[in-house]
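The primary structure of each chain is shown beneath.
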Amino acid sequence: MAEVATSKLDPDSHLLLDQPLLRLPHELLRKNLKTAQRHIESTHKAVSTSIDTLKPAAKPADTLAALEATLAKAQSLKRKLEALHEEEQTLHRQQRARIGHLQDLHDVQTVDDVKFDNWSEVRLDRLLVDYLLRQGYSSSARALSAAKSITDLVDIEVFEEVRHIDSALRRGDVKEALAWCGENKQALKKIGSQLELELRLQQFIALRRTGEMGKLMEAVVHARKHLVGGLDTEFGLKAGGLLAHPPNTMVEPYATMYSPARSSYLATLFLQTHHNLYSLPSQPLLHTALSAGLSALKTPTCHSLHRAQLSSPAIALVGNPVCPICSTELNELARGVPYAHHTKSHMEEDPVVLPNDRVFGRERLKMLNEKLGVPGGRVRDPTEALRGREWSETELRRVYIS
Amino acid sequence: MEALQQAHETLEGSANLSKALQDVDSLIALLTSTRDAIADGPDMAPLHMAKLKAPLKQSFDRIDDDLKEVNKGLNQYNKALKDKFKNSSLPTAGVGESSGLASQKNLVDRAIAMHLLREGKFEVASTFVKEVNAQAGQDREDGENVEVETRWVEDFAEQDDNDEMDEDEDGDLNEELYGELGKGHLQRKFSEMYRILDALRNQHNLTPAIDWARHHSAELDDRGSNLEFELSRLKFIELYTATQPSDPSSSILHALSYARTTFPTFTPRYERETAALITGLAYSPNLTTSPYGSQLLNESLWTTVSNLFTRDFTSLLNLPSTSPLSTAITAGGLALPILQKVERIMTATRGQWTSVNELPVETPLPSGFMFHSVFVCPVSKEQATDANPPMLLPCGHVIAKESLEGTARGKSRVKCPYCPMESRPGEARRLYI
């Protein structure tokens, strides 16, 4: 059986699915630092101005007041930094737990090792929680990660925030998404994201749609402030075009822009941008791993018309365990995926064929028949168990399968 | 991995905001002392203010430096991270038809629900089913096209106790469950299994397992299971090795009387083993050093029997003993690196798979992941399918149907590709492998 893998485990290639695990806390730590920087800069500026603008001849009372004000600013900075430091410590704790989890895999030598099973189980739970979060099954995700004590290995808060913004966007509310853009301004600029412009345009569309004069004026002011000014004229032009076309227009691209479907477009764009920014894969990793696994395990037999007999209980008990692809859980799901590629047959040792055209390894057939209590010299098709017909052993024929 | 760990140590040890916080504290102290000084002597205010400027600037410089150190730490970590994963791009979803799974959310959800049940996470499972239900309801309200069958959710709903009371009594449990795995009592079944397993594994209490096995004795026998005997054997050993300081011989008597009543009920196929067990009694109290010691005093017996129990229990439900989802994900983890590599090459060479139904490359898995025999035609190198099944020639060689037809090409006689024997194509037999 040349196709059987060596059981040696190469952790580095096995970690393919695990990059996001370490990426996300790191990106969040960066964001945390950026926020700290911003707070410090603004406090620095405020403190310097209030002290520099103080005239040397100022009254002591004014000086004191100015000092009190700066002191308050410094204290507020301290509070903010304390909150950020706390967040940082949480992230460090997660990071430590995650590195430890990956280190566990490096301590496993072979895939036969029990430790590998344990590790795989934790990975499965992680992938499940990730899937649940992405589908919006937030309570299940929380319950599962708590039950398995893997809260430091999953990103519940991150996905709950995403979910929150996403559903607000689908309701047509862009405020929270804009706030998120504000928090991630620099990073968004770096990747050249147009998310914020799209959101601003959405606000413009909402104002324009009313058709009221006052709102229209507001819309124009809004467009001047947020949509024009950059080098990119695209959004300014769009706004201009929208002013010229009423909400019931049939003219494209304006009809699409007025359409309610735009809210789900924005939600999708937000998700893409978010996942891109934090190096999160766009698909649940469970899908990636599962489709690969289904294919690797699948054989043409799994959806064959003759399958039911093949994986019958008797075989299951005394022979191979029931095939996961044949089981109810995964059978339908695996229907569409390609089956594994094999270049060589692998059969049970010393295959023989029964008069009913079914093939078994001779030794195993013998063992199965013994368990079924078939008298010596006689043989029965074990997949038919007790209902099966019985033949003389001499009717078995050897088959040659290369 | 070490580089990552080191970089992380630096972050946790020094490259964090704690220093900046200290320096903000000293900034506050500086401002406070200046304020107090001015409050004490207002006349000197301009002087104090002038004296404040330089240290104030220094304070902020120090805080900036603190942040720079954090930044440096993060950069180092980032470098280690990139290094660690330099050979693996982020997994794309593009392995084969994986996007297909996204459109089968319902089936994925069902697989997860069953997985949670068989893991014994009943509360999580019920939360999950509730959420799936709620979301489906929401989608329906939103007028979205919910053709998706969430009917399985109903199957998971807890049923009234009454309608199932007699099920275990029926004895044809298997018939009833066959092909109806998603039905409501699945949860009940698994919770029964975990109750018994808990007693077995954690409390070394055999009674629930023995009761269950006796109850299902006929079905288990039918399948050639030896669970019932293994349980009795363990019970015997437990009785024998129970230490009773007051009366050392009582344990032997207990074991003997248990053996007398129980072992004769088993079929003759266990004769040898029962004989060995009884003989073991003769070696008391020096069992540890006797030839039977290793056989009888083995902690792993409990684990073995627990596993045997799980296997038989799930197999009466016609389910694999380990979660299919778990097996599939582990197999996926092993196969992904290869598939990823192929995909990279395919993209680079703009190649395409020649067969949509089959992976383009072998994804070798350990032997524990092989569940079916596989027949690959030695002529065409293709795997047998229902449409192209293996055919047995009269000489005993097997080739695929299409290969046979290709070799025959309408002629009335065909020569086996592997031996000199000729036969008529109609003589070939279809095999079921």
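Remember, predicted model here, so these are calculated numbers, not experimental data.

Engineer: Before we move on, could you go through the overall build of chain B and cite the residues and values that matter?
Structural biologist: Regarding its fold elements, chain B presents 19 helices and five strands. The proportion of buried residues among the 433 residues of chain B is 47%. Sequence separation of at least 24 residues holds for 60% of the intrachain contacts in chain B that already meet a minimum separation of 6. Carbon and sulfur atoms make up 50% of the accessible area of chain B, which totals about 21800 Å².

Engineer: Got a sec to walk through the sheet that holds strand β1 (residues 351-353) of chain A? Specific residues and values, please.
Structural biologist: All names here are of chain A. Taken in spatial order, the three strands make up an open sheet running β2-β1-β5, and their pairing is antiparallel. The sheet is open, and its two edges are formed by β2 (359-361) and β5 (397-398), each paired on a single side. Here β1 pairs with β2 via three bridges, running antiparallel. By the bridge assignment for β2, V353 is matched with V359. Relative to β2, helix α18 (residues 362-371) is tilted by about 90°, and along the sheet it contacts β1, β2 and β5.

Engineer: An account of the pattern of salt bridges is requested, with residue identities and associated values reported.
Structural biologist: This structure, assessed with the given rule, holds 41 salt bridges over all chains. Put simply, E390 of chain A and R378 of chain A hold a salt bridge, and the shortest N to O gap is 3.3 Å. One end of the pair, E390 of chain A, is in strand β4 (residues 390-392); the other, R378 of chain A, is in strand β3 (residues 378-380), and twelve residues separate them in sequence. Residue R378 of chain A is classed as partly exposed on the basis of its relative accessible area of 33%. Close ionic contact of K401 of chain B with E405 of chain B constitutes a salt bridge, the shortest N to O distance being 3.8 Å. Here K401 of chain B pairs with E405 of chain B, and both are found in helix α19 (residues 401-408), just four residues apart, close to one helical turn. Overall, the relative accessible area of 46% leaves E405 of chain B in the partly exposed class. Via salt bridges that share partners, E121, D125 and K148 of chain A together with E119 of chain B belong to a single interconnected network.

Engineer: Go over the interface of chain B and chain A, please, and point to the residues and values.
Structural biologist: Contact residues are listed per partner, giving 142 residues for chain B and 141 residues for chain A. Taken over both partners, the interface formed by chain B and chain A buries close to 13100 Å², and the fraction arising from carbon and sulfur atoms is 68%. One can count seven salt bridges joining chain B with chain A. Among the salt bridges present, the one from R118 of chain B reaches E329 of chain A, with a minimum N-O distance of 3.3 Å. Remark: the boundary between chain B and chain A carries 34 residue pairs in polar contact (both at pLDDT 80 or more). Counting residues per element, the side of chain B that touches chain A draws most heavily on helix α3 (residues 45-84) of chain B, which supplies 19 residues.

Engineer: Could you give me a rundown of the packing of helix α13 (residues 227-241) of chain B against helix α14 (residues 250-262) of chain B, with the residues and numbers involved?
Structural biologist: All names here are of chain B. Where α13 meets α14, the closest approach of the two axes is 7 Å, and the angle between their N-to-C directions is 160°. When the axes of α13 and α14 are compared, the pair comes out roughly antiparallel. For the crossing formed where α13 meets α14, the hand is right-handed. Packed against α13, whose contacting residues are S232, K235, F236, L239 and Y240, the element α14 presents S251, I252, H254, A255, Y258, A259 and T262 at the interface.

Engineer: Break down the confidence of the model for chain B for me, citing the residues and quoting the values.
Structural biologist: Residues and elements named next belong to chain B. Residues of chain B with pLDDT of at least 70 account for 80%, and the chain-wide mean is 79. Between residues 158-183, whose pLDDT stays under 50, and residues either more than four places distant or in other chains, the model counts 38 contacts. Interface confidence for the predicted complex, expressed as ipTM, amounts to 0.85; the pTM equals 0.82.

Definitions and limits used
Residues numbered from 1 in each chain as written. Chains lettered and ligands numbered in written order. Predicted model: local features only at pLDDT ≥ 70, side-chain atom pairs only at ≥ 80, totals over all residues. Heavy atoms only, no water. Helix = DSSP H or I, 4+ residues; strand = E, 2+ residues; numbered from the N terminus. Buried < 20%, exposed > 50% of the residue type's maximum accessible area, 1.4 Å probe, protein only. Contact = heavy atoms within 4.5 Å. Areas by Shrake-Rupley, 256 points an atom, 1.4 Å probe, with all protein chains shown as cover. Pairing = 2+ DSSP bridges. Axes fitted to C-alpha atoms, helices over the stretch in contact; angles between N-to-C directions. Salt bridge = Lys/Arg side-chain N within 4 Å of Asp/Glu carboxyl O. Buried area = accessible area lost by both parts, 1.4 Å probe. Polar contact = N/O pair within 3.5 Å; in protein donor to acceptor, adjacent residues only side chain to side chain. Parallel < 35°, antiparallel > 145°, perpendicular 65-115°, else oblique. Left-handed = near helix turned anticlockwise from the far one by under 90°. pLDDT = per-residue confidence, 0-100.

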